[in-house]
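Now for the letters of each chain:
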Amino acid sequence: MTLFVAEEAPAGVPFLDLRAVNNAHRASLDEVWRRVVADGHFVGGPSVEAFEAEFAHYCRAGHAIGVGNGTDALELILVGLGVGPGDEVVVPANTFVATVEAVCAAGARPRFVDVRPDTLLVDVAAVEAAVGPRTAAVVAVHLFGQMAQMDLLRELTTRHGIALIEDAAQAHGAEFDGERAGSAADAAAFSFYPGKNLGALGDAGAVVTDDPDLARRIRSIADHGRSPSDRHRHDHRGRNSRMDALQAALLSVKLSDLDRANACRVAAMERYRALLPEGVEPVEVLPRARSVHHLAVMQIDDRESVTRRLDAAGVGWGVHYPVPCHRQPAFVEFAGAPLPVAEAAARRILSLPMSPCLTERQIAYVCSVLAEE
Ligand SMILES: *Cc1c(COP(=O)(O)O)cnc(C)c1O
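Residues numbered from 1 in each chain as written. Predicted model: local features only at pLDDT ≥ 70, side-chain atom pairs only at ≥ 80, totals over all residues. Heavy atoms only, no water.

Another point: the pairing of strand S5 (residues 163–167). Summarising burial for S5: 5 of the 5 residues are buried, a large majority. Of the strand pairs in this sheet, strand S4 (residues 135–141) and S5 are connected by 5 bridges, and their pairing is parallel. Note that in S5 the partner of Ala140 across the bridge is Glu166. Considered for its hand, the β-α-β crossover made up of S4, helix H8 (residues 150–160) and S5 is right-handed. One ladder, built from 3 bridges, connects S5 with strand S8 (residues 187–191); its direction is parallel. Looking at S8, one finds that Glu166 is bridged to Ala188. (Buried < 20%, exposed > 50% of the residue type's maximum accessible area, 1.4 Å probe, protein only. Helix = DSSP H or I, 4+ residues; strand = E, 2+ residues; numbered from the N terminus. Pairing = 2+ DSSP bridges. Right-handed = clockwise from strand over helix to strand, strands pointing away.)

Here it is in structure tokens:
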């Protein structure tokens, strides 16, 4: 009897069980660790070059440059494109603060715009209205695993002669209109933070682009501005943001399994859709988009009482993000006009457990807790 109850009602469901995610690859990851320690290349080198080639191919782009993290990847793209002081960069208000930090770190001003109420991704009409004489670039953030409307954004940025950048930190493998994240703009930034769809065992990131000159420039800037042919000549005022060999080799193992892991997330989301009670509305995915469901984001009323029930039942949850970036103290000077959709959504969104290891039973348990009155 006790056993039966335990099976029907799991002790709880973690928001994201990274041990389970990585244990699926435990033998290969252990082998990689031994190989890299023995090999002696720890920053850059053959493991990084191999991962860069594999990841560029996966994104259907010409070049990938391994860097320190996703925030650096965004900043390096902006600097590599020549965006800096005096320039404005259009960003959606509903994103992780890193998108905005990168714009500020490059010396440019973020210009916040509102999002669509259905997908919570950037509203293309709002971008159009925000573009002015100082606008140098638009950052399209593929939030929660779904790509922004890249065809419309590319048409817009081409018409205005400004750059288009993808923040693809939550969208490894996502597609829109058959185009893959990483190959739909001038350049894309990826994060391999452990909890992302493709996660390292530490910090790592990548810049992906089809433009060979931009790739060369960014590779140099991220390596102290070094000349590719003479490591003691510094062509650019650079910095240090390079990928570790260990992270690269671990990422190669996990990249080979990314499509399967993403398919598990898609299946988990379908299960949620089938079992969610009324009043819990998943953020929409547009018909032309193939989301990789980095997060399972719902819109609900009365979030506080729902999260109290989830807490009592041991179900992990999150809010991505409770305060839109234009309302963060760090960015008040750039706040501008109210952005009603992002502000209203911030009060109604709730992220439920999501990972490639989530089981049907766990999803059923989460939905039964949500259905309680
Ligand atoms: C994670 C994330 C980043 C930053 O990546 P780090 O590797 O943590 O620096 C940027 N943008 C978005 C949307 C993210 O989710």
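Attention now goes to the side chain of Thr307. Secondary-structure assignment places Thr307 in helix H12 (residues 303–312). Not counting residues within four places of it along the chain, the set of residues in contact with Thr307 comprises Trp317 and Leu350. (Contact = heavy atoms within 4.5 Å.)

The tally for this structure, following the rule as stated, stands at 6 aromatic pairs. Here the aromatic cluster, defined as three or more aromatic residues joined through ring pairs, consists of Phe51, Phe55, Tyr58, Phe190 and Phe192. Between the NZ or CZ atom of Arg180 and the centre of the ring of Tyr58, over which it lies, the distance is 4.4 Å. (Phe/Tyr/Trp six-rings, centres within 6.5 Å; stacked < 30°, edge-to-face > 60°. Lys NZ or Arg CZ within 6 Å of the ring centre and 35° of its normal.)

To continue, consider the pattern of salt bridges. The tally for this structure, following the rule as stated, stands at 23 salt bridges. Measuring nitrogen to oxygen at the nearest pair gives 3.2 Å for the salt bridge that ties Arg219 to Glu52. Within this pair, whereas Arg219 is found in helix H9 (residues 212–221), its partner Glu52 is found in helix H4 (residues 46–58), the two being separated by 167 residues in sequence. Since its relative accessible area comes to 39%, Arg219 is described here as partly exposed. Residue class for Glu52 comes out buried when judged on its relative accessible area of 8%. As a salt-bridge pair, Arg327 and Glu343 come within 3.2 Å of each other at their nearest N and O atoms. On the criterion of sequence distance, the pair formed by Arg327 in the loop between H12 and helix H13 (340–348) and Glu343 in helix H13 is long-range, its members being 16 residues apart. Judged by its relative accessible area of 41%, Arg327 falls in the partly exposed class. (Salt bridge = Lys/Arg side-chain N within 4 Å of Asp/Glu carboxyl O.)

Our focus in this paragraph is the sheet that holds S8. In space, the 7 strands of this open sheet follow the order S1-S9-S8-S5-S4-S2-S3, with mixed pairing throughout. Strands with a single pairing partner mark the edges of an open sheet, and in this sheet they are strand S1 (63–67) and strand S3 (109–113). For this sheet the average axis-to-axis angle between neighbouring strands, irrespective of direction, equals 25 degrees. Where S1 meets strand S9 (residues 205–209), 5 bridges bridge the pair, whose relative direction is antiparallel. Within S9, the residue paired with Val67 across the bridge is Gly205. Together, S1, S8 and S9 form the strand contacts of H4, whose direction differs from that of S1 by roughly 130 degrees. Here helix H5 (residues 70–80) sits on the sheet in contact with S1, strand S2 (88–92), S4, S5, S8 and S9, set at roughly 165 degrees to S8. (Axes fitted to C-alpha atoms, helices over the stretch in contact; angles between N-to-C directions.)

This part is about the packing of H5 against H9. Packing of H5 against H9 brings their axes to within 9 Å, and their N-to-C directions diverge by 120 degrees. In terms of axis orientation, H5 runs oblique to H9. Between H5 and H9 lies a crossing whose hand is right-handed. Touching Leu76, Ile77, Val79 and Gly80 of H5 are Leu214, Arg217, Ile218 and Ile221, all from H9. (Parallel < 35°, antiparallel > 145°, perpendicular 65-115°, else oblique. Left-handed = near helix turned anticlockwise from the far one by under 90°.)

Before going further, it helps to spend a moment on the site of the ligand. Neighbouring residues of the ligand: 13 residues in total, closest Gly70, Thr71, Asp167, Ser191 and Lys196. The side chain of Asp167 places a nitrogen or oxygen atom 2.8 Å from a nitrogen atom of the ligand. Taking Gln170, its side chain carries an N or O atom lying 2.8 Å from an oxygen atom of the ligand. Protein contacts shield 92% of the accessible area of the ligand, which totals 380 Å² for the unbound molecule. Among the elements of the structure, H5 and helix H6 (98–105) are those that each provide at least two residues to the shell around the ligand. Among the residues making up the shell around the ligand, the classes are represented as 4 nonpolar, 7 polar and 2 charged. (Near = heavy atom within 4 Å. Polar contact = N/O pair within 3.5 Å; in protein donor to acceptor, adjacent residues only side chain to side chain. Areas by Shrake-Rupley, 256 points an atom, 1.4 Å probe, with all protein chains shown as cover. Nonpolar A, V, L, I, M, F, W, Y, C, P; charged D, E, K, R; others polar.)

Right, let's talk about the pairing of S2 for a bit. For S2, the tally of buried residues reaches 5 of 5 residues, placing the bulk of the element in the interior. On S2, burial covers both faces: Glu88, Val90 and Pro92 on one face and Val89 and Val91 on the other are all buried. Alignment of S2 against S3, held across 5 bridges, turns out to be parallel. In the sheet register, Val91 faces S3, and the bridge partner there is Phe112. Handedness of the β-α-β unit built from S2, H6 and S3 comes out right-handed. In terms of strand pairing, S2 meets S4 through 3 bridges, oriented parallel. Along S4, the bridge assignment pairs Val90 with Val138.

Turning our attention to the sheet that holds strand S12 (residues 296–299). As summarised here, the arrangement of the 3 strands in space is S10-S12-S13, forming an open sheet in which the pairing is antiparallel. Of all strands in the sheet, those bounded by a partner on one side alone are strand S10 (281–282) and strand S13 (349–352). With 2 bridges connecting them, S10 and S12 associate as antiparallel partners. Note that in S12 the partner of Glu281 across the bridge is Gln299.

Keep in mind these values describe shape, not function.
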